[in-house]
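Breakdown of the fold
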Amino acid sequence: MFKKILLDNGLRLVYEKISYVRSVSVGIWVGTGSRNESVKNNGISHFIEHMLFKGTANRSAKEIAECIDAIGGQINAFTGKECTCYYTKTLDTHLGISLDILSDMLFNSRFAGNDIKIEKKVVVEEIGMYEDTPEELVHDIFSEMVWSGNSLGYPILGTQDCIDGFNKKMINQYMEDNYTPYNTVISVAGNFDEDRLIEDVKKYFGNWSRTGENARKYQTAQYRTDKVIREKDTEQVHLCMGFEGIENGDDRVYSLLALNNIFGGGMSSRLFQKIREEKGLVYSIYSYPSTYKTAGLFMIYAGMNPEYLQTVIDLTKKEIDLLIKKGITKDELDKSKEQLKGNYILGLESTNSRMNSIGKSELMLGRINTPEEVLQKMDRITIDNIREVIDMVFRYDKLSMSAVGNLKKQIEI
């Protein structure tokens, strides 16, 4: 069972003791990402994530890496649209070292001028690499298009123009506004001494000054229907078709996940079997839901030879039509629920995934469902629930499309 402690400064600690493992995973979850940015500082959340590894008043960048390497552990971070996470995974005997390093990075990073200059080059290269990866790029183009004018559509990496303008003052101001105890959750999963954990968290994070107590409210992102084609000299065409989805925290997400398994979520799904296995028109095709505060998407991706593009669109729409008209069978739902539960339970065997689950839930929703509660929600999905989600999501008046590649002909959706 997980437990939650609220420190005097507003910082939340959530933890789950798993006594039969020898590892412990720690995550510092900060409620800020590209959705919190503006046109002028787009990319700064991700840039700060990079900069926290560049050295502190106590350790150089090399020493940060060496401290973790020396104990056979892992340290990394990621930035999303609504949160940033810094995390470690080590042997249970090294929990104190993890908390020491993570707090040092959080509170004592130097943001030296030369480091900022070097890291700008690194991030610009990362953007270039992304531009050269059309199967990734097409998803970002889709988000930017359907949430045009809202920060939810901003790219996480930012733009080169924005990155060129970053300086120490901007970084410090953004951290002051967003890196606050109230806006942060520490999540820990694995084997540890409970009293020692609480003592260490208070030691390393207890003096963090209490600021920014107001809960963050996002402007509702209005979904826009559109079609965007990006011409690029590639062998394949990369396609995203999508609809407005379901927001984070809505229990109908479980029904959508079950439906996704059947429709396009794996190798046994309808899209994969029909378009790849039977027709051989694509190498990759899948669907997935994305959930955010007050917004969501349901996406379908496919990569194919340009000459098959219209056929793949037509066949995908045929599968959507079939779903709208006939729904799914009881047998399909039963199998999908078992698949959902199996994937979820197998995920619980990793301390890292448990740390992720409890940290993100507490940060984004302010509550954590126990594994038993999650499994019950999956078990309770009915055919009627699936029908409700089909009618809610698969609406042709909300169908949008993005494509990247060497497109010779006009395409219709």
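Up top you'll find the structure we're talking about.
Residues numbered from 1 in each chain as written. Predicted model: local features only at pLDDT ≥ 70, side-chain atom pairs only at ≥ 80, totals over all residues. Heavy atoms only, no water.

If you walk through the whole model with that rule in mind, you get 27 salt bridges. Residue Glu119 is joined to Lys54 by a salt bridge in which the shortest nitrogen-to-oxygen separation is 3.1 Å. Of this pair, Glu119 sits in helix H4 (residues 113-131) while Lys54 sits in the loop between helix H1 (44-51) and helix H2 (61-69), placing them 65 residues apart in sequence. For the pair Glu119 and Lys54, one class covers both residues: buried. Asp397 is paired through a salt bridge with Arg395; the nearest N and O atoms lie 2.7 Å apart. Given the relative accessible area of 47%, Asp397 is considered partly exposed. With relative accessibility at 34%, the residue Arg395 sits in the partly exposed group. (Salt bridge = Lys/Arg side-chain N within 4 Å of Asp/Glu carboxyl O. Helix = DSSP H or I, 4+ residues; strand = E, 2+ residues; numbered from the N terminus. Buried < 20%, exposed > 50% of the residue type's maximum accessible area, 1.4 Å probe, protein only.)

The next point concerns the packing of helix H10 (residues 270-278) against helix H11 (residues 309-326). Packed helix pairs are specified by the crossing angle of their axes together with the interaxial distance, meaning the distance between the axes. Put simply, H10 and H11 touch, their axes get as near as 11 Å, and they point 145° apart. Relative to H11, the crossing made by H10 is right-handed. Residues Arg270, Leu271, Lys274 and Ile275 of H10 form the contact with H11, whose participating residues are Val312, Leu315, Thr316, Glu319, Leu322 and Leu323. Looking at the contact of H10 with H11 residue by residue, the classes come out as 6 nonpolar, 1 polar and 3 charged. (Axes fitted to C-alpha atoms, helices over the stretch in contact; angles between N-to-C directions. Left-handed = near helix turned anticlockwise from the far one by under 90°. Contact = heavy atoms within 4.5 Å. Nonpolar A, V, L, I, M, F, W, Y, C, P; charged D, E, K, R; others polar.)

This part covers the packing of aromatic side chains. On inspection of all chains with the given rule, the structure shows 13 aromatic pairs. For the pair Trp147 and Tyr292, a centre-to-centre distance of 5.7 Å together with 85° between the ring planes defines the contact as edge-to-face. Taken as a pair, Trp147 in the loop between helix H5 (134-146) and helix H6 (160-164) and Tyr292 in strand E9 (residues 282-292) lie far apart in primary sequence, 145 residues in all. Comparing Trp147 with Tyr292 shows no difference in burial state: the two are buried. Linked through ring pairs, Phe243, Phe263, Phe298 and Phe394 together constitute an aromatic cluster. Sitting over the ring of Phe192, Lys17 keeps its end group 5.7 Å from the ring centre. Note that Arg35 overlies the ring of Tyr218, its terminal NZ or CZ placed 4.3 Å from the centroid. (Phe/Tyr/Trp six-rings, centres within 6.5 Å; stacked < 30°, edge-to-face > 60°. Lys NZ or Arg CZ within 6 Å of the ring centre and 35° of its normal.)

Let us now look at the layout of surface pockets. Approximately 1500 Å³ is the volume attributed to the largest pocket. Lining the largest pocket are 49 residues, with Asn248, Val253, Leu257, Thr291 and Lys360 sitting closest to its centre. Elements represented by at least two residues in the lining of the largest pocket include exactly strand E4 (74-79), H5, helix H9 (252-263), E9, strand E10 (295-304), helix H12 (330-347), helix H13 (351-365) and helix H14 (371-379). Split into classes, the residues belonging to the lining of the largest pocket amount to 21 nonpolar, 19 polar and 9 charged. (1 Å grid on protein atoms, 1.4 Å probe; cavity = no way out; pocket = protein on both sides within 12 Å on 5 of 7 lines; lining within 4 Å. Points joined across faces, edges and corners; volume = space filled by probe spheres on them.)

Here we take up H9. Its 12 residues place the ends of H9 16 Å apart at the C-alpha level, agreeing with the 16 Å of an ideal helix rising 1.5 Å per residue. Among the residues of H9, Val253, Tyr254, Ser255, Leu256, Ala258, Leu259, Asn260, Asn261, Ile262 and Phe263 are the ones counted as buried. (Expected span 1.5 Å × (residues − 1).)

Attention now goes to the sheet that holds strand E11 (residues 400-405). Ordered in space as E7-E11-E8-E10-E9, the 5 strands form an open sheet in which the pairing is mixed. Where the open sheet ends on each side, the last strands, each with one partner, are strand E7 (227-231) and E9. Ignoring strand direction, the axes of neighbouring strands in this sheet form an average angle of 15°. As paired strands, E7 and E11 are joined by 5 bridges and run parallel to one another. Opposite Val228, over in E11, you have Ser402 as the bridge partner. Against the sheet, H5 contacts E7, strand E8 (237-244), E9, E10 and E11, and its axis sits at roughly 145° relative to E11. Sheet strands in contact with H10 are E9 and E10, and its direction is about 155° off that of E9. (Pairing = 2+ DSSP bridges.)

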